[in-house]
Amino acid sequence: MVKVVVQMYPVIRADGPEERKELRPIGRNRERYQEAMDGMPDIIRAMDDLGVWGISSIEHHFHSEGYEVGPNIGVNTGYWAGLSKKLNIGSLGYVMSVDDPIRVAEETAVLDHITKGRCFVGFARGYQSRWTNVLGQKIGSVATLSDKSEADVRNREIFEEQVDIVMKAWTEGTFDYKSDLWEYPYPHDTGVKDWFMGDVTRQLGAPGEMDDEGNLRKICVVPAPYTQPHPKVFIASNASLETVKYAGARGFIPTYFSSIGKCADFGPRYTEVANQNGHNFAPGQNQAIVRWPHIGETQAEGGQMAIDWSRDIFENFYGPLFPDWTARAQGADDAKMLDLMTETGLFQFGDVSSVRDTYVDQWKQLPAEYITLIYHYAQCPKDEMINQLKIFMEEVKPALDEIADFPEAEAAE
């Protein structure tokens, strides 16, 4: 069965770029942000009723334009957990090139307990310089677009090290660690001297925390996650081979923000690497594809939904990431913009039959176990989003289930 994950972060509603300009900075507009928050309970409960597998949030900061206002994914996860009964709740994800790995490990372990195992955790590298460079300044990490530059290599090194620390914190009772980024405990070489609870920690704390001279020599991150050995881990990816191999070796779930061509190219490589590392995945299993669907009663209505809900963010936020964007988008009318959206392979619009056929064709190329859907709520109104989810779950998903029907995977120890 294909597992549907809905990516949710408030896209602050506006009637177009002109209203965003009139209300600038709309990202700080209390009424519009509250409007987005007010609709979330109904959306979450609808997902529960429709059998959606999970809901996730994204970490982005400083979005004064109001496009991706997602500064605190842990708070979102905890809030949504209290509104749901069956949904898996998580993130896609924590930007581990800038976040504190101990804080992330602690926060997600608590969330895993709040949800009693319905928590999953996503990690990303960070591509937005406006905020990644600010939050990463103390550890020397800056934003990257996977261009193989020195900064890109360093970003990946930091990302992988910090994810490794999260894994240690989740799975090891006590540990010590030293690198050019972190020392646990601090200072590492001498340990923490004169820890005022030393005698108590020696008797009641974790074995090995204290040495015979009364110095604290290891740390014990608490609590351990509810899920053993740890929650499911998703990795945000534009389908770079390095990320695919990294995720495969660890059994993490790569989540492809890319066209089906890239997904189909790298999907088999992921399966090969994962199985070489002790997993037993079928083609497409433990992999996710990200898509932006707009389904109307007619082809024209689906296209209009794409214009109303996604043109603004595509034209002004996603689009500039593509080559020669300014020249290609200059003076584009709605029809031209729909063509540009189609070229990305990420957006689908039309009637039920055409959208379903598009997804079936893509899933024949890579029968992904997960699909992550983005509706740009609250630019897409609450009731429309719920209706779109209903259509997808009842009219599109069953066709994909016939192609991608997997047993639950057993992770390698």
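Procedures and definitions
- Residues numbered from 1 in each chain as written.
- Predicted model: local features only at pLDDT ≥ 70, side-chain atom pairs only at ≥ 80, totals over all residues.
- Heavy atoms only, no water.
- Helix = DSSP H or I, 4+ residues; strand = E, 2+ residues; numbered from the N terminus.
- Rg over C-alpha atoms; globule rule 2.2 N^0.38 Å.
- Buried < 20%, exposed > 50% of the residue type's maximum accessible area, 1.4 Å probe, protein only.
- Areas by Shrake-Rupley, 256 points an atom, 1.4 Å probe, with all protein chains shown as cover.
- Lys, Arg positive; Asp, Glu negative; His and termini not counted.
- Charge placed at Lys NZ, Arg CZ, Asp CG, Glu CD.
- Axes fitted to C-alpha atoms, helices over the stretch in contact; angles between N-to-C directions.
- Parallel < 35°, antiparallel > 145°, perpendicular 65-115°, else oblique.
- Contact = heavy atoms within 4.5 Å.
- Nonpolar A, V, L, I, M, F, W, Y, C, P; charged D, E, K, R; others polar.
- Pairing = 2+ DSSP bridges.
- Core = buried A, V, L, I, M, F, W, Y, C linked by side-chain atoms within 4.5 Å.
- Salt bridge = Lys/Arg side-chain N within 4 Å of Asp/Glu carboxyl O.
- Phe/Tyr/Trp six-rings, centres within 6.5 Å; stacked < 30°, edge-to-face > 60°.
- Lys NZ or Arg CZ within 6 Å of the ring centre and 35° of its normal.
- Polar contact = N/O pair within 3.5 Å; in protein donor to acceptor, adjacent residues only side chain to side chain.
- Expected span 1.5 Å × (residues − 1).
- Bend = angle between axes of the 7 residues up to and from the residue.

Before going further, it helps to spend a moment on the overall build of the chain. A tally of helices and strands in the chain yields 14 helices and twelve strands. Relative to the globule expectation of 22 Å for 413 residues, the C-alpha radius of gyration of the chain, 22 Å, shows essentially globular dimensions. Judged by the C-alpha coordinates and their principal axes, the chain covers about 75 × 50 × 45 Å. Taken across its 413 residues, the chain has 56% of its residues classed as buried. Counting only carbon and sulfur atoms, one obtains 51% of the accessible surface of the chain, whose full area is about 18300 Å². The centroid of the 40 positive side-chain charges in the chain is displaced by 2 Å from the centroid of its 63 negative side-chain charges.

Here helix α3 (residues 73–83) crosses helix α4 (residues 101–114) at 5°, and the two axes come no closer than 10 Å. Of the possible angle classes, the one that applies to α3 and α4 is roughly parallel. Seen from α3, the contacting residues are Gly74, Thr77, Gly78 and Ala81; seen from α4, they are Glu107, Leu111 and Ile114. Of the residues that constitute the contact of α3 with α4, the class distribution is three nonpolar, three polar and one charged.

Most of strand β11 (residues 347–351) sits inside the fold, with four of its five residues counted as buried. Pairing analysis gives five bridges linking strand β10 (residues 288–296) to β11, with the strands arranged parallel. Within the sheet, the bridge partner assigned to isoleucine 295 lies in β11 and is glycine 350.

This part covers the nonpolar core. Where a protein is soluble and globular, its nonpolar side chains tend to be buried together. Val6, Met8, Met47, Phe123, Trp363, Met385 and Phe392 are the most contacted members of the largest nonpolar core, which totals 82 residues. Ala306, Phe317, Ala329 and Leu340 belong to the second-largest nonpolar core, a separate cluster that totals 23 residues.

Counted according to the given criterion, the structure contains 23 salt bridges. As a salt-bridge pair, aspartate 180 and arginine 154 come within 3.2 Å of each other at their nearest N and O atoms. With aspartate 180 in the loop between β6 (177–178) and β7 (183–184) and arginine 154 in helix α6 (residues 150–171), the pair connects residues that are 26 residues apart, well separated along the chain. On the basis of relative accessible area, aspartate 180 is assigned to the exposed category, the value being 62%. Accessibility expressed as a relative area gives 25% for arginine 154, which makes it partly exposed. A salt bridge links arginine 356 to glutamate 395, with the shortest nitrogen-to-oxygen separation between them at 4.0 Å.

The final tally for this structure, using the stated rule, is 22 aromatic pairs. Here the aromatic rings of tryptophan 292 and tyrosine 318 are separated by 5.6 Å at their centres, their planes lie at 65°, and the arrangement is edge-to-face. In this pair, tryptophan 292 is assigned in strand β10 and tyrosine 318 in helix α10 (residues 299–318), connecting sequence segments 26 residues apart. In this pair, the class of tryptophan 292 matches that of tyrosine 318, namely buried. One aromatic cluster is present, built from ring pairs that chain together Tyr67, Trp292, Phe314, Phe317, Tyr318, Trp325 and Phe347. The ring of tyrosine 370 carries the charged tip of lysine 3 above its face, separated from the ring centre by 5.4 Å.

With that settled, consider the side chain of asparagine 155. Position of asparagine 155 among the secondary structure elements: in helix α6. Only 3.5 Å separates the side chain of asparagine 155 from the side chain of serine 141, close enough to count as a polar contact. Discounting chain neighbours no more than four positions away, the residues touching asparagine 155 are Ser97, Arg125, Gly126, Ser141, Val142 and Thr144.

Taking burial as the measure, the nine residues of β10 include nine buried ones, the bulk of the element. Side chains of β10 alternate between two faces, with Ala288, Val290, Trp292, His294 and Gly296 and Ile289, Arg291, Pro293 and Ile295 buried alike. Where strand β9 (residues 253–256) lies against β10, two bridges are found, and the strand directions are parallel. Pairing of threonine 255 across the sheet is with alanine 288, part of β10. Here β10 runs beside strand β12 (residues 370–374); their pairing, made up of four bridges, is parallel. Of the residues in β12, the one forming a bridge with alanine 288 is tyrosine 370.

The subject of this paragraph is α10. Under the 1.5 Å per step criterion, the end-to-end length of α10 is only 23 Å for 20 residues, more than 12% shorter than the ideal 28 Å. At serine 310, α10 shows its largest kink, close to 65°.

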